[in-house]
Amino acid sequence: MFCSKKKSLEVERIVKANDREYNEKFQYTLIPEISSLTWFTTIVPLVLVITMTAVKDATDDYFRHKSDNQVNNRQSEVLIDSKLQNEKWMNVKVGDIIKLENNQFVAADLLLLSSSEPYGLCYIETAELDGETNLKVRHALSVTSELGADISRLARFDGIVVCEAPNNKLDKFAGVLSWKDSKHPLNNEKIILRGCVLRNTSWCFGMVIFAGPDTKLMQNSGKTKFKRTSIDRLMNTLVLWIFGFLVCLGIVLAIGNSVWENQVGDQFRTFLFWNEGEKNFVFSGFLTFWSYIIILNTVVPISLYVSVEVIRLGHSYFINWDRKMYCSGNATPAEARTTTLNEELGQIEYIFSDKTGTLTQNIMTFKRCSINGRIYGEVHDDLDQETEITKKKEPVAVSVKSEVDRTFQFFDHHLMESIKLGDPKVHEFLRILALCHTVMSEENSSGQLIYQVQSPDEGALVTAARNLGFIFKSRTPQTITIEELGTIVTYQLLAFLDFNNIRKRMSVIVRNPEGQIKLYCKGADTILFEKLHPSNGDLLSLTSDHLSEFAGEGLRTLAITYRDLDDKYFREWHKMLEDANTATDKRDEWIAGLYEEIEKDLMLLGATAVEDKLQEGVIETITSLSLANIKIWVLTGDKQETAINIGYACNMLTDDMNEVFVIAGNTAVEVREELRKAKEILFGQNRSFSNGHVGCEKKQQLELDLVVEETVTGDYALIINGHSLAHALESDVKNDLLELACMCKTVVCCRVTPLQKAQVVELVKKHRNAVTLAIGDGANDVSMIKSAHIGVGISGQEGLQAVLASDYSFAQFRYLQRLLLVHGRWSYFRMCKFLCYFFYKNFAFTLVHFWFGFFCGFSAQTVYDQWFITLFNIVYTSLPVLAMGIFDQDVSDQNSIDCPQLYEPGQLNLLFNKHKFFICMLHGIYTSLALFFIPYGTFYNAAGEDGQHIADYQSFAVTMATSLVIVVSVQIALDTSYWTVINHVFIWGSLATYFSILFTMHSNGIFGIFPNQFPFVGSARHCLTQKCIWLVILLTTVASVMPVVAFRFLKVDLYPTLTDQIRRWQKAQKKSRPPSSRRPRARRSSSRRSGYAFAHQEGYGELITSGKNMRAKNPPPTSGLEKTLYNSTSWIENLCKKTTDTVNSFSQDKTVNL
């Protein structure tokens, strides 16, 4: 029937003898010979599945295309035909001259030609590239900076650039500009990369070097991969198994048919008018095989895929609609950007997180300080007892209101009293904060003082001095002007000793109005304490205690020192410094030695404590996820000191850890040796697990890994630098790295490139066979997000690149807890229950035909009516299982968060696997046996209430169909853990729908309209009005369901899982749980950590003293880069009691620097 043309209705037939051409119109297809089903029983479900899947995929593609267009259609000003014209990003070409304005994203990799700043300088923020928000400087060539903003000269610019091919190296560029018969070398300082943001620069012009996919940002993005869940892969495998099972059933029944035809079928040939040999038993078996393949094809779950897509779509909308994941601050809801990965959220084992903008807000807050042995920053009540900061407390401010930064929050009024009383040590302390920095100042259109900061730390310290009466006003290459308690004071800047990652300190040498020469220095306490004058012994001991206290609260610390210099000594030293600056041989070493010489015999003033403000709820989220047995790795482009500080602030690193391994080797040999030493410490001197399992099979490898993990006791952490990671990722070392990292509770990778982030994720995916999640907020996280099984984008302040590449997005890191522990766990739980029930239902429905084959001569006759076969999966049982798959939940959302251990079954894949599938299969086989043989045995020699025989085919079919619908409805009612109105309507409504359609199809009315399709008039009414039929249905239902009920009852009672215990507790709780009490602020002992946010390159000292970055006149007002400092509530206060109780106490441990 499938391949034949539509047959016209014959009124009469005319046949010509011996005229085969004429009689061709009476040809028949062979399909009816092997098919006892009509075409719509298979075609309708198949078309429905394909259509809904196509619509869903098209919708996903449309929304991603819409998001991509938002970026591609951004506007840039391009110089075309000597005019600046707006052009879409997608149309920007290599060689174009582009104009950028302040706070504008860079559309392509540009060669900087000119800018509004002196000497062709411009300031950029590279947060999307390396995660840093501190400003960086780019220089235009002197020959091109003269072009300025002259459009006609820029239009005539005809330089030729010869440079490297497109690559992913963000920190290197090599090229040559040929122009006006001369060549000019180009390096990274002359290039502005796509993804940067122009800051504190009114305008600049650049020539496009790389555009589109050739840009370094896009080269680091990695390839987009088609992501599929582990359940998807398992489903595909199971469907192949089921198809193989279907073939086996067909072969068994075909052999049965051949045997039956050979032994019994011959007796029927006379009645069927078959000629001898016309149809042998082998050919009959062959046709019967295909007939049963068609009849039993419902065991292959065609509608499963569309049902899975509908359930996933529902889960995605739940994420989008979750108000608890809505950020009211920037009106950003959570968004599921894909609908195919929801259940994978319930199986995460490793989280790879960016730091800047993901864990932190990039907001530094001045919290406390120690001055001359006294701590300031604590709030005391009337009885001089330390108390908590509340919203009613007024922040301290000494400056006039017009100069106060309203974001500054400091509540200790004792400091204000010391300032007003004229404490010379306090004044000197604040004076150092106002003088020793690289901050630039300017006024906006309203006359408000704006600070341009190289790092957030400096902004916090200068802002603190500003609010406490020592206001940094301006600077020139030779002077620094500050306002001291209302008095303008100008200091002569004699020398600027800039910081770098080796010195870890910075100093300024100034001459005050009284003519005294002072050296003011701030830096890491571990460095400065070695350079103090011996007379500082008592103060050093006291300040060290204060620093330990600050570090115990997770604050970032700096020591503040000074030195009085003799005029003659300084002149001699400065003369040597001038000679060193002009030297050509070993210049840097000479200058470093002179810096060391003058920065000695320092006098200690005190220390500062700055809070690197974490995003709200980060600590609770990390603690909760750790309790869920999820390992969190931090992959950041930031420097090591900052990453370690954040690790301690987040409680990912603690001083209770047994060891913190630091891998910092510069060669492959050094890295290998450091990893070997770390493993010796971890496993013990006499044990070595380095490469013993590399060549084993995957299963054996995983088992050995688990054994190794169980042998490691205590908490360990691993910190590795980017240059060391590059060597560690080599083929002969990466197994050692992976083994060591997976044994550690916390892993922090610093100074890593975007590509290295992706390589680390791929390493864990490939060798650990674990489900991974990557979360970030910048373009430097795109490759990592694409590589992980699940990519999450934070819609923060670093653009939309991460969000556009992600699978899920929201505004803050803390929402990850709810995404995984609630939505992810529920999605996995629901999907597993859905699959178990779906496979059970299909086997119970289909295998009845198999048993019937043994009693119908293997003739491929169906048990059920063809309409019942068509409607069973798409009408009678589709909605109840969808309702369970979408709405069911075992425990409430709050209990899911309060008990993170509930997440573990998903990680271990316990709720649905091959073992569970075989259990569902056996359950379905047992149900099919009960459905067939109980009615068959009852009907065998039975009579109805009217004394007539009831064992007709249609009554038997109606009884079995009714029993099946009732059994599967009762079974899903037993499987449903969380009842809603929708569940009730769908389950009982499906039963009502079945009986309505059943009686309609067996009614006189439908027979009158379609006599050929519905010939069994009154069969259902006649059958179901007899009590014995209902007793058969009841017996079948009880026999099918009672073993399941008994097994589940005994299992819950004797071997309850954690979920069973919590469900029992939920039912026992008639009232809501009282709110948990807030815990007082706690301090933890900690080793001190320098809080200075060291940049990747040296500071602005040389620029400041050269005067290149000084404006000749006041520029047009710009928005600046004024960092907003928010009040920080105590993060320890919000820790859940259950979380603090799980923290184990170990002896004081040390950091191992290998």
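Note that this is a predicted model, so its numbers are computed, not measured.

**Things to note about the overall build of the protein**
Looking only at helices and strands, the protein features 40 helices and 35 strands. The burial tally for the protein puts 55% of its 1154 residues in the buried class. Surface accessibility of the protein: about 51500 Å² in total, with carbon and sulfur atoms responsible for 56%.

**Digging into the sheet that holds strand β4 (residues 109–115)**
Strand order in the open sheet made by the six strands is β2-β1-β3-β12-β4-β10, with antiparallel pairing throughout. Every interior strand has two partners, whereas the edge strands, β2 (83–88) and β10 (191–192), have only one. Here strand β3 (residues 97–101) pairs with strand β12 (residues 203–210) via five bridges, running antiparallel. Pairing of glutamate 101 across the sheet is with tryptophan 203, part of β12.

**Observations concerning helix α9 (residues 281–295)**
A rise of 1.5 Å per residue sets the reference length of α9, with its 15 residues, at 21 Å; its end C-alpha atoms lie 20 Å apart and thus fit the reference within 8%. Along α9, the residues classified as buried are Ser284, Gly285, Leu287, Thr288, Phe289, Ser291, Tyr292, Ile293 and Ile295.

**Structural notes on the pairing of β12**
By the criterion of burial, β12 is predominantly enclosed, with seven of the eight residues buried. Summarising the sheet, β4 and β12 pair through six bridges and their orientation is antiparallel. Its bridge partner lying in β12, aspartate 109 is registered against phenylalanine 210.

**Overview of the pattern of salt bridges**
Any two side chains of opposite charge can pair, on the condition that their charged atoms come close. Scanning the model with the defined rule gives 37 salt bridges in all. One salt bridge in this structure joins arginine 571 and aspartate 567, with 2.1 Å as the shortest N-O distance. One end of the pair is arginine 571 and the other is aspartate 567, both in helix α16 (residues 567–582) and four residues apart, which spans about a single turn. According to the relative accessible area criterion, arginine 571 is exposed, its value standing at 53%. In the salt-bridge network here, residues are joined through shared partners; they are Glu428, Arg431, Glu484, Lys518 and Asp564.

**Description of the packing of helix α27 (residues 815–853) against helix α28 (residues 866–876)**
α28 packs onto α27 with a crossing angle of 170 degrees between their chain directions and a minimal axis gap of 11 Å. Between α27 and α28, the angle falls in the class roughly antiparallel. Of α28, the residues touching α27 (which contributes Lys841, Asn842, Phe845 and His849) are Phe868, Ile869, Phe872 and Asn873. Classifying every residue of the contact of α27 with α28 by side-chain character gives four nonpolar, three polar and one charged.

**Remarks on the packing of aromatic side chains**
On inspection of all chains with the given rule, the structure shows 47 aromatic pairs. Ring geometry for phenylalanine 352 versus tryptophan 633: centroids 5.4 Å apart, planes at 80 degrees, classification edge-to-face. With phenylalanine 352 in strand β14 (residues 350–353) and tryptophan 633 in strand β28 (residues 631–635), this pair connects stretches of sequence that are 281 residues apart. Judged by relative accessible area, which is 3%, tryptophan 633 ranks as buried.

**Some remarks on α28**
Counting buried positions along α28 gives eight out of eleven residues, so the element sits mostly inside the fold. Along α28, the positions that sit buried rather than exposed are Gln866, Phe868, Ile869, Thr870, Leu871, Phe872, Asn873 and Tyr876. Backbone nitrogen of tryptophan 867 and a side-chain oxygen of the N-cap are separated by 3.0 Å at the start of α28; the cap is aspartate 865.

**Quick notes on the environment of isoleucine 886**
Along the chain, the position of isoleucine 886 falls in helix α29 (residues 878–887). Overall, isoleucine 886 belongs to the buried group, its relative accessible area being 13%. For the pair formed by isoleucine 886 and methionine 831, sequence separation is 55 residues and the distance between their alpha carbons is 8.4 Å. Residues contacting isoleucine 886, with those up to four places away along its chain left out, are Val310, Ile311, His315, Phe318 and Arg830.

**Focus on the packing of helix α10 (residues 302–321) against α29**
The contact between α10 and α29 brings their axes to 9 Å, and the two run at 35 degrees. Where α10 crosses over α29, the handedness of that crossing is right-handed. Touching Ser307, Val310, Ile311, His315 and Phe318 of α10 are Leu882, Gly885, Ile886 and Phe887, all from α29. Split by residue class, the contact of α10 with α29 holds six nonpolar, three polar and no charged.

**Topic: a nonpolar patch on the surface**
Together, Leu974, Leu1031, Leu1034, Val1038, Met1042 and Val1045 make up a nonpolar patch on the protein surface, roughly 510 Å² of accessible area in all. In terms of residues, the nonpolar patch owes the most to one element, helix α37 (residues 1027–1054), which gives five residues. Tracing the backbone through its elements, the reader meets leucine 1031 in helix α37.

**A look at the sheet that holds strand β6 (residues 135–139)**
One open sheet holds the three strands; their spatial order is β6-β5-β11, and the pairing between them is antiparallel. Whereas interior strands pair on both sides, the edge strands pair on one side only; in this sheet they are β6 and β11 (197–199). Within the sheet, the average angular offset between the axes of one strand and its neighbour, ignoring direction, is 45 degrees.

**Re the nonpolar core**
Membership of the largest hydrophobic core comes to 83 residues, with the highest contact counts inside it found for Phe834, Leu835, Tyr864, Phe868 and Leu964. Top element by residues in this core is α27. It accounts for 18 residues. Ignoring anything within four residues of it in the chain, the contact list for tyrosine 864 reads Phe845, Val848, His849, Ile869, Tyr953, Ala957, Met960, Ala961 and Leu964. Core analysis: the next-biggest nonpolar cluster, separate from the first, contains 50 residues, Ile622, Leu625, Ile630 and Phe810 among them.

**What about the environment of glutamine 640?**
Position of glutamine 640 relative to the elements: it lies in helix α19 (residues 640–649). In sequence terms glutamine 640 and cysteine 749 are 109 residues apart; their C-alpha atoms lie 8.3 Å from each other.

**Quick word on the environment of threonine 340**
By secondary structure assignment, the location of threonine 340 is in the loop between β13 (335–336) and β14. In terms of polar contacts, threonine 340 uses its side chain to reach the side chain of threonine 338, at 3.1 Å.

**Some words on unusual backbone geometry**
The backbone phi angle of lysine 180 is positive, close to 55 degrees, even though this residue is not glycine. Relative to the elements of secondary structure, lysine 180 occurs in the loop between β8 (175–179) and β9 (182–186). A positive phi angle, near 50 degrees, is found at arginine 751, a position not held by glycine. Accessibility expressed as a relative area gives 37% for arginine 751, which makes it partly exposed.

**What to know about the side chain of arginine 505**
Looking at the element boundaries, arginine 505 is found in strand β24 (residues 505–511). Judged by relative accessible area, arginine 505 falls into the buried class, the value being 3%. Here the side chain of arginine 505 touches glutamate 599 through a polar contact of 2.7 Å, side chain to side chain.

**Details of the pairing of β9**
Of the pairings in the sheet, the one linking β8 to β9 comprises five bridges and is antiparallel in character. Residue pairing in the sheet places leucine 177 in a bridge with histidine 184 of β9. Counted between consecutive antiparallel strands, the loop separating β8 from β9 contains two residues, among which lysine 180 sits at a positive phi close to 55 degrees.

**Section: the confidence of the model for the protein**
Summing up the model confidence of the protein, the mean pLDDT is 80 and the portion of residues at 70 or higher is 79%. Scored below 50 in pLDDT, residues 1076–1086 shows 33 contacts in the model against residues more than four places distant or in partner chains.

**A short note on the state of the cysteines**
Two cysteines whose sulfur atoms are joined by a covalent bond form what is called a disulfide. Summed over all chains, the structure comprises zero disulfides. As a non-bridged cysteine, cysteine 1023 has cysteine 1028 as the owner of its nearest cysteine sulfur, 8.0 Å distant. We classify cysteine 1023 as buried; its relative accessible area is 1%.

Rules and cut-offs
- Residues numbered from 1 in each chain as written.
- Predicted model: local features only at pLDDT ≥ 70, side-chain atom pairs only at ≥ 80, totals over all residues.
- Heavy atoms only, no water.
- Helix = DSSP H or I, 4+ residues; strand = E, 2+ residues; numbered from the N terminus.
- Buried < 20%, exposed > 50% of the residue type's maximum accessible area, 1.4 Å probe, protein only.
- Areas by Shrake-Rupley, 256 points an atom, 1.4 Å probe, with all protein chains shown as cover.
- Pairing = 2+ DSSP bridges.
- Expected span 1.5 Å × (residues − 1).
- Salt bridge = Lys/Arg side-chain N within 4 Å of Asp/Glu carboxyl O.
- Axes fitted to C-alpha atoms, helices over the stretch in contact; angles between N-to-C directions.
- Parallel < 35°, antiparallel > 145°, perpendicular 65-115°, else oblique.
- Contact = heavy atoms within 4.5 Å.
- Nonpolar A, V, L, I, M, F, W, Y, C, P; charged D, E, K, R; others polar.
- Phe/Tyr/Trp six-rings, centres within 6.5 Å; stacked < 30°, edge-to-face > 60°.
- Polar contact = N/O pair within 3.5 Å; in protein donor to acceptor, adjacent residues only side chain to side chain.
- Left-handed = near helix turned anticlockwise from the far one by under 90°.
- Patch = residues over 30% accessible without salt bridge, like charges linked within 9 Å, V, L, I, M, F, W, Y side chains within 5 Å.
- Core = buried A, V, L, I, M, F, W, Y, C linked by side-chain atoms within 4.5 Å.
- pLDDT = per-residue confidence, 0-100.
- Disulfide = S-S within 2.5 Å.

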